[in-house]
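# Fold and contact review
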Amino acid sequence: MPPTYSVIIPAYNAQAYIGEALESVLSQTVAPAQVIVVDDGSTDRTAEVAAAMGAGITVITKENGGPGSATTAGFTAATGDLVATLDSDDIWLPQKMERQIAFLSQRPELMAVFTKGETFQDGESAQPPGAGGQLDLWTRTTMVYRADGMRAIGGMRDFPGNLGELIDWLGRGRELGHRLHMLDVVLALRRLRSGSLSDTRERERMRGYLVVARDALARRKQRESEG
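Along each chain, numbering runs from 1 in the same order as the chain's sequence is written. For this predicted model, a pLDDT threshold of at least 70 governs which residues receive local features, and a threshold of 80 or more governs which side-chain atom pairs are given and counted, while totals over whole chains, interfaces and linings are taken from all residues. Only hydrogens and water are set aside when side-chain values are computed; all heavy atoms of the structure are taken into account.

## Points about the overall build of the protein
The following threshold applies: Numbering of helices and strands runs from the N terminus, with a helix taken as a DSSP run of H or I at least four residues long and a strand as a DSSP run of E at least two residues long. Each residue is assigned to one of three classes by its accessible area relative to the maximum for its type, calculated with a 1.4 Å probe on protein chains only: buried under 20%, partly exposed between the two thresholds, exposed over 50%. Contact definition: two residues touch when any of their heavy atoms are within 4.5 Å. Residue exposure ignores everything except the shown protein chains as possible cover, and the areas themselves are Shrake-Rupley values with a 1.4 Å probe.
Looking only at helices and strands, one finds 7 helices and 9 strands in the protein. Across the 227 residues of the protein, 48% fall into the buried class. Pairs at least 24 apart in sequence give 75% of the contacts found in the protein among residues at least 6 apart. Accessible surface, the protein: about 10,700 Å² in total, of which carbon and sulfur atoms supply 50%.

Below is the structure:
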């Protein structure tokens, strides 16, 4: 029997994008067992728009805490064998989950798989593969993680500027011996827009990455001191 998967979408003031993101999830050639939108204290209609997409979508609302705490709330509610995450303004291509599930099923030594993606500018229509800038998307949008591995790592932490939570979380997974893989195929589209989590132009927001690096170094020194 093929593994089931839960989808977690942390969202903050994403009413303009969440519908398109959910449509891409619901259009997968292998259907999800569970779709969870975590509304992280939005002041717009994000939760309402998500709930209107269908009875199969669970909407969790919480006080604003950041993308890490929102993703963690989804982890807690997830019941699938695999956990797939998606940023609320990005889009999956229809065969994304089918391809990633098949790959993980063939490679039991791997804990997670990511894919390449292409970018498009906010305000433009999402284009098919070959139309935008291609890159390795080591991001929430393409991550598919085995649920037992996810639970072994624990929750995501939030950092200054709401950046660095996934880098920190994946780093903690690697410290546990988790192996990750990047599929050499474009299976997602990443929206580029000012003020989004993918926008790292503001210098102050980059402090999160510095904290992540500092904490990783501290954990390494701790392991070395323990022999």
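## Considering the nonpolar core
Our working definition: We call a set of buried Ala, Val, Leu, Ile, Met, Phe, Trp, Tyr and Cys residues a nonpolar core when their side-chain atoms join them within 4.5 Å.
Core analysis: the largest hydrophobic core is formed by 30 residues, its most contacted members being Tyr5, Ile9, Ile18, Leu22, Val37 and Trp92. Broken down by secondary-structure element, the contributors of at least two residues to this core are β1 (5–11), α1 (18–26), β2 (34–40), α2 (46–51), β4 (82–85), α4 (96–106) and β9 (180–192). Residue contacts for Ile9: discarding those within four places in its chain leaves Ile18, Leu22, Val25, Ile36, Val37, Val38, Leu86, Asp87 and Ser88. In this structure, Ile36, Ala78, Met143 and Ile153 belong to the second largest nonpolar core, which totals 21 residues.

## Details of the pairing of β9
What counts, and what does not: Two strands qualify as a pair provided DSSP detects at least 2 bridges between them.
Extensive coverage of β9 is indicated by the burial of 10 of its 13 residues. Relative to β9, strand β5 (residues 91–92) is paired through 2 bridges, and the arrangement is antiparallel. Directly across from Ile91, in β9, lies its bridge partner Leu189. Across 10 bridges, the pairing between strand β6 (residues 112–121) and β9 is parallel. Pairing of Gln121 across the sheet is with Leu192, part of β9.

Purely spatial values, then, with no claim about function.
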